[in-house]
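# An overview of the molecular structure
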Amino acid sequence: MISASDRIFLAALCLARAGLRVDADKSYLIESRLAPVARREGFASPEDFIGALRERGDERQGWAAVEAMGLPETEFYRNRAVFERLVGDVLPTLAQGRGGQPVRVWNAACGSGQEIYSLAMMLADAPTLGRQVELFASDLSERNLEKAQAGLYSQFETQRGLPARMLVRHFEKRGESFALSPRVRQMVRWRRVNLLDDLSRLGQFDLILCRNMLTQLTAEAQERVLDGLKAALAPGGRLVLGVKESPGSTLSPAAREIGLYGLADEQARSAA
Amino acid sequence: MLSCLVVDDSRVIRKVSRRILEDLGFEVAEASDGVEAMAWCSAMMPDAILLDWRMPAMDGLEFVSRLRAEPGGKRPKVIFCTVENEIERIREALDAGADEYIMKPFDGAIVASKLAYVGLLPELAA
């Protein structure tokens, strides 16, 4: 059992590094998330791992702990209607507005890649649109990025949301896992990004997907991340949040049922 | 009420599937191989069929091919549910007329997501 004071230490570490809200009372969750990292780092138990963090405060190991606590629940085609609208309507409209320039799409907090690959597979199947779109994905966790880039998913992961026809068209069996085709994997460019950092170096994006991540953050971190994402939106750009998430007043809904928002002042201007 | 025919030679699997489908609001019937399943379907086409592959008497692949040639046989949504997990097998099943495919082991969430995908359950909003 991880002691209460160790759990509080861990929650504070997550808060300070990533604005991540971890409930120190959830000992089972903390234990199950931390156990694999502790093993990987060569500790006999999660208790020993936290003990070492408290004593030595190793920078890299601290990040490994924070990343493990921030693993998002992710699956292919979560809220399928969102993807259908993005490919059927939102991206074509953005492409038209860009007049031949590529539409830049950023999946912020991409987890192990299922979300951006869901979009990539649809774009691979719609090559005329696909050629006009550039896909970027980022995550806080190096491990998530490695897994995402490898494009290797277990049978259980592929069955969550991935239609059988998509599986057959875009994957091949490799041992007991399913490997996404290089053609689709190469459509995405990856980068490690902490959304609390200065995001201006990433450039501007026409579409940013950041679904079901904000709710994991403290109110203060949410505000900071939203400000960063808004600043990264190109003129006329769109932000996609989880359908149950609500943004601040500076964003206004372009299609609330799929969590699609635009900058409020822009929309007011175009309505006037 | 929507109906689903569970076709599997394992009584245990039929029981597990029945439980999952009833929780999702389906009326469930059972058959232990393709021949029994064809008999069911000629009496009344179900809305969905959860179909094992390897079975005595008539296997799942032969069943789905024959079903699709029957009058009214294009209507049921057929979802394979089998240990076969090679891409080639899955392609074969889809080409023979299956709508979706589940690889065993499976759970209620997977069954629900496949039924939603073929349009028999509303998409879960989450």
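Here's what I pulled together on the structure shown here.

Scoring rules and cut-offs
- Residues numbered from 1 in each chain as written.
- Chains lettered and ligands numbered in written order.
- Predicted model: local features only at pLDDT ≥ 70, side-chain atom pairs only at ≥ 80, totals over all residues.
- Helix = DSSP H or I, 4+ residues; strand = E, 2+ residues; numbered from the N terminus.
- Rg over C-alpha atoms; globule rule 2.2 N^0.38 Å.
- Buried ≥ 20, exposed ≤ 12 C-beta atoms within 10 Å, placed from the backbone.
- Contact = placed C-beta atoms within 7 Å.
- Axes fitted to C-alpha atoms, helices over the stretch in contact; angles between N-to-C directions.
- Parallel < 35°, antiparallel > 145°, perpendicular 65-115°, else oblique.
- Nonpolar A, V, L, I, M, F, W, Y, C, P; charged D, E, K, R; others polar.
- Pairing = 2+ DSSP bridges.
- Arc of directions from axis to C-beta.

Turning our attention to the overall build of chain B. The helix and strand tally for chain B stands at five helices and five strands. Here chain B has a C-alpha radius of gyration of 13 Å; the compact-globule value for 126 residues is 14 Å, and the two agree. When its C-alpha atoms are laid out on the principal axes, chain B stretches across 40 × 35 × 25 Å. Expressed as a percentage of the 126 residues in chain B, the buried residues total 39%. Long-range pairs, those at least 24 residues apart, make up 58% of the contacts in chain B with a sequence separation of at least 6.

The next thing to look at is the overall build of chain A. A count of helices and strands for chain A gives 13 helices and 10 strands. Relative to the compact-globule value of 19 Å for 272 residues, chain A shows a C-alpha radius of gyration of 20 Å, a close match. The principal-axis extents of the C-alpha atoms in chain A amount to approximately 55 × 50 × 30 Å. Here chain A holds 272 residues, and the buried ones make up 41% of them. A fraction of 70% describes how many contacts in chain A between residues 6 or more apart in sequence connect residues 24 or more apart.

Before going further, it helps to spend a moment on the packing of helix H1 (residues 4-18) of chain A against helix H4 (residues 59-69) of chain A. All names here are of chain A. Two elements in contact, H1 and H4, have axes whose closest approach is 10 Å; the angle formed by their N-to-C orientations is 90 degrees. In this view, H1 runs roughly perpendicular relative to H4, as classed from their interaxial angle. Facing Leu 10, Leu 13, Cys 14, Arg 17 and Ala 18 of H1, the residues of H4 in contact are Gly 62, Trp 63, Ala 65, Val 66 and Met 69. Class assignment for the residues of the contact of H1 with H4 results in eight nonpolar, one polar and one charged.

So, about the sheet that holds strand E8 (residues 233-241) of chain A. Within a sheet, each strand pairs with its neighbour through backbone hydrogen bonds, oriented either parallel or antiparallel. Residue and element names in this part refer to chain A. What the seven strands build is an open sheet, ordered E6-E2-E1-E7-E8-E10-E9; its pairing is mixed. Among the strands making up the open sheet, the edge pair consists of strand E6 (188-192) and strand E9 (251-255). Shown here is a sheet whose adjacent strand axes are inclined to one another by a mean of 25 degrees, direction ignored. Relative to E6, strand E2 (residues 133-139) runs parallel, the two sharing five bridges. Each bridged residue has a counterpart across the sheet, and for Leu 135 the counterpart in E6 is Val 188. Set on the sheet, helix H8 (residues 142-150) makes contact with E2 and E6; between it and E6 the angle comes to about 165 degrees. Packing of helix H12 (residues 219-231) onto the sheet brings it into contact with strand E1 (103-108), strand E7 (205-210), E8, E9 and strand E10 (260-263), and relative to E8 it is tilted by some 140 degrees.

Where helix H4 (residues 87-96) of chain B is concerned, the buried positions are B:Ile90, B:Ala93 and B:Leu94. Looking down the long axis of H4(B), one finds its buried residues gathered within 95 degrees of arc, a one-sided arrangement. Exposed side of H4(B), more than 90 degrees from the buried face: B:Glu88 and B:Asp95 are the residues found there. Lining the buried residues of H4(B) we find helix H10 (164-170) of chain A together with helix H3 (60-69), strand E4 (77-82) and strand E5 (100-103) of chain B. Positive phi appears at B:Gly97, one or two residues downstream of H4(B), with a value of about 120 degrees.

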